[in-house]
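Remarks on the overall topology
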Amino acid sequence: MPSLDDFSGLKPAWCPGCGNFGILKTFKDAAVELGLEPHQFTIVSGIGQAAKFPHYLKCNTFNGLHGRSLPVATGITLANHSMLVIDVAGDGDCYGEGGNHLMHTIRRNVNIKLFVHDNQIYGLTKGQASPTSMEGMVTKNQPFGVLSEQFNPMAFAVALDCSFVARGFAGDQEHLKMLIKEAVNHKGFTLVDILQPCVSFNKVNTYEWYRQRVYKLGADYNSENRIAAFEKALEWGDKIPIGIIYRNNRLDFEERIPVIKDEPLVRQPFDISKVEKTLKEFY
Amino acid sequence: MLLPKSIILINYISFRMQCEMNPAKNCDIINFMDYSIKIGGEAGQGIQTIGDTLSLVFSRSGYHVFTHQDYESRIRGGHNYYQVRVSGNPVMAPKEAIDIIVALDAKSIELDTPKLTGIGQIIYDSSALKQRHDGAQFLDIPFTALALEHGGSKIMANTVATGAVLGMLGIGLDVLLGIIKDTFKKKGEEIIKANSSAAMAGHDYAVKQCIKCAFSAAVEGKPKMLIAGNDAIGFGAVASGCKFYSAYPMTPATSIMLYVASKAKEYGIIVEQAEDEIAAINMALGASFAGVRAMTGSSGGGFALMVEGLSLAAMTETPLVIALAQRPGPATGLPTKTEQADLNFALYTSHGEFPRVIFAPGTPEQAFFLTNKAFELSEKYQIPVLILTDQYLADSQWTFDGFDLTKLKYNDYRLRGEAFSSLAEYKRHAFTESGVTPMAVPGDAKHVVVTDSDEHDEEGHLTEDIDLTLKMADKRLFKKMPQIRAEMEPPALYGNANPDIVLVGWGSTCGVIKETVDALSKTKNIAMLHFSEIYPLPSTKKFNYLGLLKNAKTTICIELNATSQFARLLRTEAGYTFNRLVNKYDGRPFTVEELTGEINALIG
Ligand SMILES: Cc1ncc(C[n+]2csc(CCOP(=O)(O)OP(=O)(O)O)c2C)c(N)n1
Ligand code: SF4
Ligand SMILES: [Mg+2]
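Anyway, here's the lowdown on the structure attached to this text. (Residues numbered from 1 in each chain as written. Chains lettered and ligands numbered in written order. Predicted model: local features only at pLDDT ≥ 70, side-chain atom pairs only at ≥ 80, totals over all residues. Heavy atoms only, no water.)

1. A look at the side chain of Asp390(B)
All names here are of chain B. In this fold, Asp 390 is placed in strand S13 (residues 384–390). Looking at Asp 390, its side chain comes within polar contact range of the side chain of Ser 508, at 2.6 Å. When residues no more than four places from it in sequence are discounted, the contact partners of Asp 390 are Pro 252, Ala 325, Gln 326, Thr 338, Glu 339, Gln 340 and Ser 508. (Helix = DSSP H or I, 4+ residues; strand = E, 2+ residues; numbered from the N terminus. Polar contact = N/O pair within 3.5 Å; in protein donor to acceptor, adjacent residues only side chain to side chain. Contact = heavy atoms within 4.5 Å.)

2. Here we look at the sheet that holds strand S8 (residues 240–247) of chain A
The 9 strands lie next to each other as S7(A)-S8(A)-S5(A)-S6(A)-S4(A)-S3(A)-S1(A)-S2(A)-S15(B), forming an open sheet whose pairing is mixed. With one partner strand each, in any of the chains shown, strand S7 (214–216) of chain A together with strand S15 (450–452) of chain B form the two edges of the open sheet. Neighbour-to-neighbour, the strand axes of this sheet turn through a mean angle of 20°, independent of strand direction. With 4 bridges connecting them, strand S1 (residues 41–45) of chain A and strand S2 (residues 60–63) of chain A associate as parallel partners. From the neighbouring strand, Thr42(A) faces S2(A), where its bridge partner is Asn60(A). Across the face of the sheet, helix H6 (residues 173–185) of chain A comes into contact with strand S3 (84–90), strand S4 (112–118), strand S5 (164–169), strand S6 (190–195), S7 and S8 of chain A while running at roughly 160° to S5(A). (Pairing = 2+ DSSP bridges. Axes fitted to C-alpha atoms, helices over the stretch in contact; angles between N-to-C directions.)

3. Regarding the coordination of the magnesium ion (ligand 3)
Residue and element names in this part refer to chain A. Only Asp 91 (OD), Asn 119 (OD1) and Ile 121 (O) from the protein coordinate the magnesium ion (ligand 3), and they sit 2.0 to 2.2 Å from it. Expressed as a motif, the donor residue spacing for the magnesium ion (ligand 3) is D-x27-N-x1-I. Residue Asp 91 is located in helix H3 (residues 91–97), and its partner Asn 119 is located in the loop between S4 and helix H5 (153–159); the two are separated by 28 residues in the primary sequence. Note on accessibility: Asp 91 and Asn 119 belong to one class, buried. (Donors = N, O, S within 2.8 Å, 3.2 Å for Na, K, Ca; no water. Buried < 20%, exposed > 50% of the residue type's maximum accessible area, 1.4 Å probe, protein only.)

4. Considerations on the sheet that holds strand S20 (residues 554–559) of chain B
By definition, the strands of a sheet pair up through backbone hydrogen bonds, in either a parallel or an antiparallel sense. All names here are of chain B. Strand order in the open sheet formed by 5 strands is S16-S18-S17-S20-S21, with mixed pairing between adjacent strands. In this open sheet, the two edge strands, each paired with only one partner strand, are strand S16 (492–495) and strand S21 (580–583). The average angle at which neighbouring strand axes cross in this sheet is 20°, direction not considered. Relative to S20, strand S17 (residues 501–506) runs parallel, the two sharing 4 bridges. Bridging across to S20, Val 504 finds its partner in Cys 557.

5. Considering the site of ligand 2
The environment of ligand 2 is made up of Trp14(A), Cys15(A), Cys18(A), Gln49(A), Asn119(A), Gln196(A), Cys198(A), Val199(A), Ser200(A) and Phe201(A). Per-class residue counts for the shell around ligand 2 are 6 nonpolar, 4 polar and no charged. (Near = heavy atom within 4 Å. Nonpolar A, V, L, I, M, F, W, Y, C, P; charged D, E, K, R; others polar.)

6. Overview of the interface of chain A and chain B
Accessible area lost on assembly of the parts is the figure often given for the size of an interface. Of the residues lining the interface, 51 residues belong to chain A; the matching set on chain B comes to 68 residues. Roughly 4,800 Å² of surface becomes buried between chain A and chain B when both sides are summed, with 66% attributable to carbon and sulfur atoms. If you sort the residues of chain A by the area they bury against chain B, Phe270(A), Phe282(A) and Tyr283(A) come out on top, with a joint share of 17%. Here chain A and chain B share 6 salt bridges between them. Across the pair Arg267(A) and Asp444(B) runs a salt bridge whose closest N-O atoms are separated by 3.7 Å. At the junction of chain A and chain B, the tally comes to 22 residue pairs in polar contact (both at pLDDT 80 or more). (Buried area = accessible area lost by both parts, 1.4 Å probe. Salt bridge = Lys/Arg side-chain N within 4 Å of Asp/Glu carboxyl O.)

7. Quick look at the pattern of salt bridges
All names here are of chain A. Scanning all chains against the criterion turns up 40 salt bridges over all chains. Notably, a salt bridge pairs Lys 177 with Glu 33, separated by 2.6 Å at the nearest N-O pair. With Lys 177 in helix H6 and Glu 33 in helix H1 (residues 19–34), this residue pair connects regions lying 144 residues apart in the sequence. According to the relative accessible area criterion, Glu 33 is partly exposed, its value standing at 43%. Put simply, Lys 216 and Asp 172 hold a salt bridge, and the shortest N to O gap is 3.2 Å. Of the two residues, Lys 216 is situated in strand S7 and Asp 172 in the loop between S5 and H6; the sequence distance between them amounts to 44 residues. Connected via shared salt-bridge partners are Glu 33, Glu 174, Lys 177 and Lys 181.

Printed below as a string of structure tokens:
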């Protein structure tokens, strides 16, 4: 059985008090409880504070470009769907720079577990507005306050019939751990947006701010009703729901590719003897 | 200067000259069939069907064929053409002069009549074009009426036209009837019979009515293979064990993806149409990282979007093959026309410094084998390799006696299964003598595989350490580069081994330059030097091509671009400056007559 020690990585370079620490700790706990070994999964990430995540634990890692983690994760999953593929992104990374990929990865329903560390700000580049920054938030780069409407990843995902849509909070680790485990055990693409306080640059959405607002979806909430889920996804402000907002049982992408029905692509040997026959087709 | 035989292409000039100087030799039967047939009309009229069918009849009859196409960026209307050159000798470029015009629209007659050869004929259907032409070179064939009468449907007008062309050339119908049988196998006997009758009707009509026809076909031979440039790249990828191809459609690169997709089931390949080119290259990198051979492709605009991904391949040392199918730019440019203006882009694009390889095949055969070499080198050195093609090469078909498949290379450089799990430890970017760290398949062992687009340490974790930064840059660049250069084959020399005049080209102009050398070599000491392995510039150890250039009196660099990008590369990398430059940048390829004329004008 794997233990927490198996997952120790580089010492994080995050600011003391950063919400990312809570997520990292929770992720390791979840991995241990899931019985995952470091070589059994790959974390793909982009660029940002959140994207440094895989270096701070131990696992297969492809730390790629800002905004481009989902296509890389897609390529890995299609080449080897026996590998658990996890994508860790920032809100700018995933909802801004890589927004187009998010839309299409949801459509494909590739079996990727996406965790967005949503601090509603650009952390690594020191405090510019992100797509999830709230309207009116003043930053050095938005001196008149954020003018665009806040992006709602939950409503977006439900609208696209994403197969698993959830929101967690870095300050509620037990609940977050449950979400991580549910996501890993779900078949298909999963989006978990994690409210993550950035103590250095986001002075609006603090631990306190979130704590006063978040509430857990109860047992009476039916996460399989898409219309109700959409309504739930629209909630933001005085009350912010956390939990599994929506889930469905769509077939995942890999199941629909006949070529990899029996064997992951990476384990299919290349048969060079076929080439002779193909050559004849040109006569 | 020493010239190994392997790089002197077998030339047939001497054979031709012997024939011409020796009337006793029976040249006219095997040699002097060299006809160009141009099918012109609107998009959607079936130009492609007639052209493809004729080419197939010719290649299966053992003739040498060269075809090229000119089309507009539209699905219906406009004016397109398909030109087929058929000969008893190898042909590898288009001619300006046309022997048979199949005019499916009036524009064809208007544009191409001046290009007719002395024995040239135009066939057309006066009822379809609603015009009549009386000259001796016109032959009015009622394609539609014959199709209705003999095939029962006017869709078969194209079959009538195809049969008619064969009739004019004095070529029998056996091969065509065989093709019809194959094509319509699924549609049943009725359709086969109808099409066959239509073909025969066209053939008969031409044989009887084309009194002026003076064509004579050469003796038929063993069937030849017929293949287009982009199909050859796609086939090369499939034959190299490519398992993953992700791209976004863009002419003229799309046909590579289509070819690979057509083989997906048989070979077990995943072809994914990405949401954009950024996704395409990143998906391919993900697949490659996971352990399979991966490729992507686009034209200039799409490749522009891949640029950051290209440097990601370099930084993470992830093998990747990229086809860059050039079209005239800037921006959207001329989507369906041809140009060689993206060499600089391929050479210098992307931030940072890293090794890359650039190939520019001149023929479909080279395209096939260079694609194979692209995979071999990208896997061996864990680098991006670019294959430059263009609309002209993409769509041109050539005949070959076959490809020597024993020349295909397939070496699996990845650490898989046992080979990986038996290691005591593993660091994805460990320093090695060669600069290459064996690449392991994640999941095949307890060791983890870590890589990063940030500068990283040997394990793959991000670092800002001074020493590591230097050592990693050296590993990627200086350790690998000399080995990569040593893999590059020198340019091919064609013609005289000690020439006074050297015509230099790269990529798809190979055929037309070769034929220009043929045309001029009767009176001039001339040769072609053709580069298909462009970067890193091959060393002169195997063949001192720079010496050859320096010893020549006139050296002319011929490029389908405005700024002589290859000439500049040779000056930058080898300090060599050409005497003369020939540039063409109107989006159209050179014809033999046009280039011969240009060269004559330069050398007097
Ligand atoms: C193509 C590209 N554009 C811009 C950047 C600079 N950049 C790095 S991270 C980042 C935004 C980080 O914000 P977010 O994704 O929310 O991550 P966080 O740091 O907040 O976790 C930006 C703009 C980059 N690395 N690459
Ligand atoms: S800047 Fe914000 S997100 Fe980044 S480490 Fe510091 S607190 Fe965390
Ligand atoms: Mg952020």
